[in-house]
Amino acid sequence: MDDYKLVSVNLNPDSDKSHAVQVYSLKSNSWKSLQPINTYVFDFNKSRLLFNGALHWLTKKVMVSFNISEERFEEMQLPMPLKSLLEMVGLLKGRPGVFGLNEKNNLELWAMQDHGVPESWTKLYSIRPFQTTSMNFIGSLRNGTSVLVLHMKLGIDKLAR
């Protein structure tokens, strides 16, 4: 890599339906404005991943990636059986992964086997129904074991005991 880039994505002041995108190149010491992208509902501070030369973020319906060298955005479909997507977990067995709840409230972890191919999503784990207030992916161990931290939802009556 012979350049470092900074990507700035902000709500477009001229439209509430798009984000203004600028890329700063350290090599050329300049900013370049890119074509505005659709407004996605996602939090840039969470659910992000750098993989295969692209930054990835989750929205409620798709994974958005930004190819750094080509300076372009792409949308990738998510696993369809999930009723609610909770977070991108990073790399699961070396592949981008997400977790979410299915229609039975089972927690499912999915990995994309072939980057950019929606049909390649593979369910790795399914955990029986439970209630949780939040979950965080810690990482994958060298032996392939994934580590999740679950913050369980407890009723006030359980805390009083």
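All of the points below concern the structure found in this document. (Residues numbered from 1 in each chain as written. Predicted model: local features only at pLDDT ≥ 70, side-chain atom pairs only at ≥ 80, totals over all residues. Heavy atoms only, no water.)

**Structural notes on the overall build of the chain**
Regarding its fold elements, the chain presents one helix and 13 strands. Helices and strands appear in the chain in the N-to-C order β-β-β-β-β-β-β-β-β-β-β-β-β-α. A total of 161 residues make up the chain; the buried ones form 36% of that total. In the chain, once contacts between residues fewer than 6 apart in sequence are set aside, the share between residues at least 24 apart is 27%. (Helix = DSSP H or I, 4+ residues; strand = E, 2+ residues; numbered from the N terminus. Buried < 20%, exposed > 50% of the residue type's maximum accessible area, 1.4 Å probe, protein only. Contact = heavy atoms within 4.5 Å.)

**Focus on the nonpolar core**
Within the largest apolar cluster, twelve residues are counted, these being Leu 49, Phe 51, Leu 58, Met 63, Met 76, Leu 78, Leu 82, Met 88, Val 98, Trp 110, Met 112 and Trp 121. Elements supplying a minimum of two residues to this core: strand 4 (48-51) and strand 10 (107-112). Apart from the residues lying within four places of it in its own chain, the contact partners of Met 63 are His 56, Trp 57, Leu 58, Glu 74, Glu 75, Met 76, Leu 78, Met 88, Val 98 and Trp 121. Membership of the second largest hydrophobic core comes to seven residues, among which are Val 21, Val 23, Leu 34 and Phe 66. (Core = buried A, V, L, I, M, F, W, Y, C linked by side-chain atoms within 4.5 Å.)

**Examining the environment of Val 98**
Secondary-structure assignment places Val 98 in strand 9 (residues 95-101). Between the C-alpha atoms of Val 98 and Leu 78, which are 20 residues apart in sequence, the distance is 8.5 Å.

**Considerations on the packing of aromatic side chains**
For the coordinates displayed, the defined rule picks out two aromatic pairs. Here the aromatic rings of Tyr 24 and Trp 31 are separated by 5.3 Å at their centres, their planes lie at 50°, and the arrangement is tilted. Look at Phe 66 and Phe 73: their rings are 4.7 Å apart centre to centre, the planes differ by 50°, and that puts the pair in the tilted class. A residue is classified by how much of its surface remains accessible, and Phe 66, at 0% relative accessible area, is buried. (Phe/Tyr/Trp six-rings, centres within 6.5 Å; stacked < 30°, edge-to-face > 60°.)

**Here's the deal with the sheet that holds strand 3 (residues 30-38)**
The strand order across the open sheet formed by three strands is 1-2-3, and the pairing between neighbours is antiparallel. Of all strands in the sheet, those with a lone pairing partner are strand 1 (5-11) and strand 3, marking the two edges. Each strand axis lies, on average, 20° off the axis of its neighbour in the sheet, ignoring direction. Bridge count for strand 1 against strand 2 (residues 18-25) is seven bridges, and the pairing is antiparallel. Following the sheet pairing, Leu 11 is matched in strand 2 by His 19. (Pairing = 2+ DSSP bridges. Axes fitted to C-alpha atoms, helices over the stretch in contact; angles between N-to-C directions.)

**With respect to unusual backbone geometry**
In the Ramachandran plot, Asn 29 falls in the positive-phi region, its phi being about 50° despite a non-glycine side chain. Look at Asn 52: it is not a glycine, yet its phi comes out positive at around 55°. For Asn 52, the location among the structural elements is in the loop between strand 4 and strand 5 (54-58).

**Section: the pairing of strand 5**
As a general feature of sheets, a regular strand has side chains that alternate between the two faces. Strand 5 sits mainly inside the fold: four of its five residues count as buried. Bridge analysis of strand 4 against strand 5 gives four bridges, and the strand direction is antiparallel. Note on strand 5: the bridge partner recorded for Arg 48 is Trp 57. Between the antiparallel neighbours strand 4 and strand 5 lie two residues, among them Asn 52 with a positive phi of about 55°. Relative to strand 6 (residues 62-67), strand 5 is paired through five bridges, and the arrangement is antiparallel.

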